[in-house]
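Letter by letter, the chains look like this.
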Amino acid sequence: MATVTERAPASNGLRVGWTFDWVESFLFVVKAFSAFVILWGLIGYIALASSGEALTGEALRDLIVAGVAQGSMYGLIALGYSMVYGVLGFINFAHGEVFMSGAIVGYFTADAFFRTGMWTNNFYVSIVVVLLAAVATSTALAVLIERIAYRPLRGAPRLIPLITSIGVSFFIQNAVLGLTGPTVKTYPPLTEVGLPEWVTGRVNFGIFAIDGTKLIAVVVALLSMLVLYQFVTRTKTGRAMRAVAEDKEIAALMGINVDRTIVTTFAVGGSMAGVAALLWAILFRGVNSFTGFLPGIKAFTAAVLGGIGNLVGAMIGGIALGVFEGVGPQTILFGLRWEVPLWLGLVLLATGVLAVVSGRARGTSRLYLPGAIAILGGVAGVLSWSQTIPGLFQIKDVVAFYALFLVLIFRPSGLLGERLALEDRA
């Protein structure tokens, strides 16, 4: 496939030359096909919903709420990835295990309270102690990892601490596996505690209702994010963290203790992972030594989605990812079973060809992408394409990671943009 390159302007416009570039051509095809599938799925879902063949409004609303609650947890974990990358310039793949360790210790604490009856008789004190235990464990482990595994590698090529983080991740996984066994450990139930009805039931806001546990997850995540944002932007330690993230050498010249600031960054990221561990317990209850792997990878995806190094972006990226993986399969992929009408296909085909021809005549490539999308829609209509995908909910992970793929292609800096030191920017 040929691609267009815009060269130095001529006297009355752009000179357009045709060159062949495999990479550019591949990316163009991926962009056009991805945008076509998303538009086809969305329009198809609306068409199917209008005829009563799709999810009800209440079911779709519940999916969105569940996605926001789960995404809030992703966002809290993503803060650790984003902060460490902002300061040290590498991905700490052991952060998922920091989260898992807090969830495991929280389980043993909750189970001990359950066995003694305190979980039932004094639930609020118990859950606060469980939260403190999870936060303390994740914070201590994050600091320990920084001190033992990463600090000796300070100044080494980035590939070395990156590989080290993968090794640390596997070490912690297998250490916890050896200590606690492979079985899934389930937190004590909330339904037997005698909590207020709004916690175990649904909270009605008039136009919609939300499960009490999901409401707690969203509120706790947003409050944690607010506290962290105030800490980073308003305190002396937070300003030191931002200065170190921008330039370590200049920060040191200004009298900032770089080592202590980096330790603080790991501690803050670990504490957010500890809070996320409690949210995981509230939402899913089951934990084992591999609990941190998939949420950790998704949290990394959320950090990239929002913009690596950007704290607000990490939280928004997490929520967006949770909603996308919760709603995407049941809307976009479900909508692919809709057939584009023949008349619409012919209109799209003609519009697409006209856009490509017009772009060629004007000497600009801006019309090629919408033209290609319209042509694909036209072909789908003429050939009566439709695709029924079985087991939609089971492929939500595929949808989540495809979101990362699309962000890296369309907006590599993330939704809110990266905030990195000069030497870390591409």
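Since the structure is predicted, the reported quantities are computational estimates derived from the model, not experimental observations. (Residues numbered from 1 in each chain as written. Predicted model: local features only at pLDDT ≥ 70, side-chain atom pairs only at ≥ 80, totals over all residues. Heavy atoms only, no water.)

Asks: Summarise the overall build of the chain; cite the residues concerned and give the values.
Replies: Of the regular secondary structure elements, the chain holds 16 helices and six strands. Taking all 426 residues of the chain together, 48% fall into the buried category. For the chain, the proportion of contacts with a sequence separation of at least 24, taken over those separated by at least 6, is 75%. Just so you have it, the chain exposes about 20700 Å², and 68% of that area is on carbon and sulfur atoms. Of the side-chain charges in the chain, 28 are positive and 22 negative, and the distance between the mean point of each set is 6 Å. (Helix = DSSP H or I, 4+ residues; strand = E, 2+ residues; numbered from the N terminus. Buried < 20%, exposed > 50% of the residue type's maximum accessible area, 1.4 Å probe, protein only. Contact = heavy atoms within 4.5 Å. Areas by Shrake-Rupley, 256 points an atom, 1.4 Å probe, with all protein chains shown as cover. Lys, Arg positive; Asp, Glu negative; His and termini not counted. Charge placed at Lys NZ, Arg CZ, Asp CG, Glu CD.)

Asks: How would you sum up the confidence of the model for the chain? Please name residues and give values.
Replies: Predicted confidence across the chain gives a mean pLDDT of 84, with 92% of residues reaching 70 or more. No element of the chain has a lower mean pLDDT than strand β1 (residues 2–6), at 46, and none a higher one than helix α5 (residues 123–150), at 92. Segment residues 1–15: pLDDT under 50, and 35 contacts once partners within four positions in sequence are set aside and those in other chains are kept. (pLDDT = per-residue confidence, 0-100.)

Asks: Please provide a residue-by-residue account of a positive patch on the surface, values included.
Replies: A cluster of basic residues, Lys236, Arg239, Arg242 and Arg260, forms a positive patch on the protein surface. Ranked by residue count, the leading element in the positive patch is helix α9 (residues 236–246), at three residues. For Arg239, the position within the fold is in helix α9. (Patch = residues over 30% accessible without salt bridge, like charges linked within 9 Å, V, L, I, M, F, W, Y side chains within 5 Å. Salt bridge = Lys/Arg side-chain N within 4 Å of Asp/Glu carboxyl O.)

Asks: Describe helix α16 (residues 396–410), with residues and values.
Replies: In this model α16 runs 21 Å from its N-terminal to its C-terminal C-alpha over 15 residues, within 8% of the 21 Å that 1.5 Å per residue would give. Among all positions of α16, only Lys396, Val399, Ala400, Ala403, Leu404, Leu406, Val407 and Ile409 are buried. At its buried positions, α16 is contacted by α1 (22–50), α2 (57–88), α12 (293–306) and α13 (311–335). (Expected span 1.5 Å × (residues − 1).)

Asks: How would you summarise helix α8 (residues 212–234) if you had to cite specific residues and measurements?
Replies: Here α8 contains 23 residues, and its C-alpha end-to-end distance of 32 Å stays within 8% of the 33 Å for a straight helix at 1.5 Å per residue. Within α8, burial applies to Gly212, Thr213, Lys214, Leu215, Ala217, Val218, Ala221, Ser224, Met225, Leu228 and Val232.

Asks: Describe the side chain of Ser224, with residues and values.
Replies: Here Ser224 lies in helix α8. According to the relative accessible area criterion, Ser224 is buried, its value standing at 11%.

Asks: Would you mind going over the pattern of salt bridges in detail, with residue names and values included?
Replies: Across all of its chains, the model carries seven salt bridges by this definition. Between Glu146 and Arg151 there is a salt bridge; the shortest N-O distance is 3.3 Å. In this structure, the salt-bridge partner of Glu146 is Arg154, at a minimum N-O distance of 2.7 Å. Through salt bridges that share partners, Glu146, Arg151, Arg154 and Asp259 make up one connected network.

Asks: I'd like a rundown of a nonpolar patch on the surface, residues and numbers included.
Replies: Taken together, the side chains of Leu342, Leu346, Val382, Leu383 and Trp385 present a nonpolar region at the surface, about 460 Å² in accessible area. With a relative accessible area of 47%, Leu346 lands in the partly exposed category.

Asks: Any details on the nonpolar core? Residues and values, ideally.
Replies: Counting residues in each nonpolar core, the largest one holds 80 residues, and the members touching the most others are Leu76, Leu79, Trp119, Ile145 and Tyr187. When residues in this core are grouped by element, the largest group, 14 residues, is from helix α11 (residues 258–283). Residue contacts for Leu79: discarding those within four places in its chain leaves Met225, Leu228, Met272, Leu311 and Ala314. By size, the runner-up hydrophobic cluster in this structure holds 16 residues, among which are Val37, Ala54, Val340 and Ile373. (Core = buried A, V, L, I, M, F, W, Y, C linked by side-chain atoms within 4.5 Å.)

Asks: Describe the packing of aromatic side chains, with residues and values.
Replies: According to the stated counting rule, one finds 14 aromatic pairs in the structure shown. Seen in terms of ring centroids, Tyr81 and Phe300 are 6.1 Å apart; in terms of plane orientation they differ by 55°. Their pairing is tilted. Taken as a pair, Tyr81 in helix α2 and Phe300 in helix α12 lie far apart in primary sequence, 219 residues in all. For the pair Tyr81 and Phe300, one class covers both residues: buried. Ring geometry for Tyr107 against Tyr187: centres 6.0 Å apart, planes inclined by 70°, an arrangement best described as edge-to-face. (Phe/Tyr/Trp six-rings, centres within 6.5 Å; stacked < 30°, edge-to-face > 60°.)

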